[in-house]
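Here's the letter readout for the chains.
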Amino acid sequence: MTNTTVEPDEATRLRNKVVDELCADGNISSPEIEAVMRKVPRHEFTPADTPLDKAYDTYAAVITKTDEHGVQLSSVSAPQIQAMMLEQAQVKPGMRVLEIGSGGLNAAYLAELVGEDGEVVTVDIDPVVTDLARQLLNEHGYGRVHVVTADAAEPIPDLGEVDVVMVTAGAWDVSPAWTAQLKQGGRLVVPLRMRGLTRSVAFIQVKGEHGPYLESESARICGFVPMQGSTAHREELLLVNGTPEIGLKFDDGLPADPHRLDNAVTSPRHELWTGVTVRIQELIDTLQMAMAISLPGFCTMAVDENSDSGMVAPVNKRFALAAVEDDTFAYLVTRRTEDNKHLEYGVHALGPHAEQFADKIADVLRDWEANRRGGPSPVIRVYPDGTPDDQIPADRVIDKVHSRVSLSWPSA
């Protein structure tokens, strides 16, 4: 489908190296996706000044636009993320696909996968992004892709039903327009943020007893530039009183009475080591979800390095798993074990009930180790806003604007 062009030997070599790595690590498992990622010249869909080694970094995105504060507004996703989501989408020849969040490259992959008898519509809210996507797609022989400038949280006029909706921007909510345009049994792949944790979720639309809902088939850790427009959502920041350095970030609203934390930093820091260890490179996606499900006050913590007094000591000052309970907050830390091959988890807690709260969080970690470690991720279901509680099986329900998201551990 692409035009015949003479590419630099180095670009071809690097592209094949990326695909070889993604096949080896399991992110690519289908020959169709391997073929299209070897074929489409990724570097030609990145900014002209992007060095080849950056364009073909297997695990890094290429940022294409930032605002005046340096906040990322758009990017070309990392090859690893694109391969992972394409595998989740399971696009077949002849399908109709709606892509939300345009840049050109992913639309080219999708156009290859649906073939001459399929259709791809790619939408973005930013006309600068869509203008460039249209230009790049035309230049590389993908003129059949329909490029639309619109807020994709609203229905796309004259679109009709599609087999796959693929969202390539970080979403906090699931727009009703996405499910309304999805065929019965169709597939929605979206980087969905839940309690501050983002997962690329492949949903199947299910016809339930009380109406259709979405149920996850797979969920993978990822990171994305957040969505703009009517469904944009920002975390709320709580600066712990008594210090400018500690910020607690809540994705679903601040605690009912945040002032109860006003005296937390006046108490000595309580430190507890749990005995729970993980390998250095072990994925902890289910551990993160266990905390998000089990702890009502789950949040993340960041520390201002310019004001850091050592009052708290997270391993990563920009992102630490944390939680609040009434007048006390706590966060996770790690330390190397004696064999230098594992990390042990610990809990630091501050507040009048630091010891009790640290014990509660340690119990969550130990339960994860005994019952969830190495097992499946929670089942994620998305129901329309207003669905009664008795129609939602869940260990945790997250209420959003347009939807109710449930998280449930699979039965043993």
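Residues numbered from 1 in each chain as written. Predicted model: local features only at pLDDT ≥ 70, side-chain atom pairs only at ≥ 80, totals over all residues. Heavy atoms only, no water.

- Naming follows an unreviewed UniProt entry, where the chain appears as Protein-L-isoaspartate O-methyltransferase of Streptomyces parvus.
- A UniProt comment under Sequence similarities (unreviewed entry) is attached to the chain, and it reads "Belongs to the methyltransferase superfamily. L-isoaspartyl/D-aspartyl protein methyltransferase family."
- Per UniProt, the chain carries the Subcellular location (unreviewed entry) text "Cytoplasm". (UniProt positions renumbered as here; feature names shortened; annotations may be inferred.)

Details of the overall build of the chain
- Check the secondary structure of the chain and you find 9 helices and 19 strands.
- The C-alpha atoms of the chain give a radius of gyration of 23 Å, which matches the 22 Å a tight globule of 412 residues would have.
- Overall size of the chain, expressed as C-alpha extent along the three principal axes, is 65 × 50 × 45 Å.
- Residue burial in the chain is summarised as follows: out of 412 residues, 50% are buried.
- Long-range contacts, defined here as pairs at least 24 residues apart, represent 58% of the contacts in the chain between residues at least 6 apart. (Helix = DSSP H or I, 4+ residues; strand = E, 2+ residues; numbered from the N terminus. Rg over C-alpha atoms; globule rule 2.2 N^0.38 Å. Buried < 20%, exposed > 50% of the residue type's maximum accessible area, 1.4 Å probe, protein only. Contact = heavy atoms within 4.5 Å.)

Some remarks on the pattern of salt bridges
- Following the criterion strictly, the structure yields 23 salt bridges and no others.
- The salt bridge involving Glu112 is made with Lys39; its shortest N-O contact spans 3.4 Å. One end of the pair, Glu112, is in helix 5 (residues 105-114); the other, Lys39, is in helix 2 (residues 31-39), and 73 residues separate them in sequence.
- One salt bridge connects Arg269 with Glu271, and the closest N-O pair in it is separated by 2.8 Å.
- For Glu271, a relative accessible area of 39% corresponds to the partly exposed category. (Salt bridge = Lys/Arg side-chain N within 4 Å of Asp/Glu carboxyl O.)

What about the nonpolar core?
- Of all hydrophobic cores here, the largest spans 60 residues; its most connected members are Val165, Trp178, Leu188, Phe203, Met291 and Ile361.
- Two domains each donate at least three residues to this core, and these are domain 1 (10-221) and domain 2 (236-372).
- Apart from the residues lying within four places of it in its own chain, the contact partners of Val165 are Leu98, Ile100, Trp178, Leu182, Arg187, Leu188 and Val189.
- Counting 44 residues, the second largest nonpolar core, distinct from the first, contains Val36, Ile81, Val114 and Val164. (Core = buried A, V, L, I, M, F, W, Y, C linked by side-chain atoms within 4.5 Å. Domains from an automatic or database assignment.)

Describing the sheet that holds strand 19 (residues 403-408)
- The sheet built from 10 strands is open, its strands ordered 5-4-3-6-7-8-9-17-19-18 with mixed pairing. Edge positions in the sheet fall to strand 5 (146-149) and strand 18 (396-399), since each of these pairs with one other strand and no more. Neighbour to neighbour, the strand axes of the sheet diverge by 20 degrees on average, direction disregarded.
- Sheet topology places strand 18 next to strand 19; 4 bridges connect them, and they run antiparallel. Following the sheet pairing, Ile398 is matched in strand 19 by Val405. (Pairing = 2+ DSSP bridges. Axes fitted to C-alpha atoms, helices over the stretch in contact; angles between N-to-C directions.)

Topic: the pairing of strand 6 (residues 162-167)
- Burial analysis of strand 6 places 6 of its 6 residues in the buried class, which makes it a mostly covered element.
- With 4 bridges connecting them, strand 3 (residues 96-100) and strand 6 associate as parallel partners. When the bridges of strand 6 are listed, Glu99 appears paired with Met166.
- Relative to strand 7 (residues 182-194), strand 6 runs parallel, the two sharing 4 bridges. Note on strand 7: the bridge partner recorded for Val162 is Leu182.

Quick notes on the side chain of Thr168
- With respect to the helices, strands and loops of the structure, Thr168 is situated in the loop between strand 6 and helix 7 (176-180).
- Judged by its relative accessible area of 17%, Thr168 falls in the buried class.
- A distance of 2.5 Å separates a polar atom in the side chain of Thr168 from the backbone oxygen of Gly101.
- Discounting chain neighbours no more than four positions away, the residues touching Thr168 are Glu99, Ile100, Gly101, Asn106 and Phe224. (Polar contact = N/O pair within 3.5 Å; in protein donor to acceptor, adjacent residues only side chain to side chain.)

As for helix 4 (residues 79-89)
- Helix 4 sits mainly inside the fold: 11 of its 11 residues count as buried.
- Along helix 4, the residues classified as buried are Pro79, Gln80, Ile81, Gln82, Ala83, Met84, Met85, Leu86, Glu87, Gln88 and Ala89.
- Within two residues after helix 4, Gln90 carries a phi angle of roughly 55 degrees, on the positive side.

Describing unusual backbone geometry
- Positive phi outside glycine occurs at Arg195, with the angle close to 55 degrees.
- You can see Arg195 is positioned in the loop between strand 7 and strand 8 (197-208).
- With phi around 65 degrees, Asn340 is a residue other than glycine that occupies positive phi space.
- Positionally, Asn340 belongs in the loop between strand 15 (328-336) and strand 16 (342-350).
- Of the residues examined, Asn340 reaches a relative accessible area of 47% and is grouped as partly exposed.

Structural notes on the sheet that holds strand 12 (residues 270-279)
- Within the open sheet, the 7 strands sit side by side as 10-11-13-14-15-16-12. Their pairing is antiparallel. Each having just a single partner strand, strand 10 (236-239) and strand 12 make up the two edges of the open sheet. This sheet shows a mean twist of 35 degrees between the axes of neighbouring strands, independent of strand direction.
- Sheet analysis places strand 12 next to strand 16, joined by 7 bridges and oriented antiparallel. Along strand 16, the bridge assignment pairs Trp273 with Gly346.
- Each of strand 13 (298-303), strand 14 (320-325), strand 15 and strand 16 touches helix 8 (residues 285-294); the most contacted strand, strand 13, lies at about 115 degrees to it.
- The sheet contacts of helix 9 (residues 354-372) involve strand 12, strand 14, strand 15 and strand 16, and relative to strand 12 the element is tilted by about 10 degrees.

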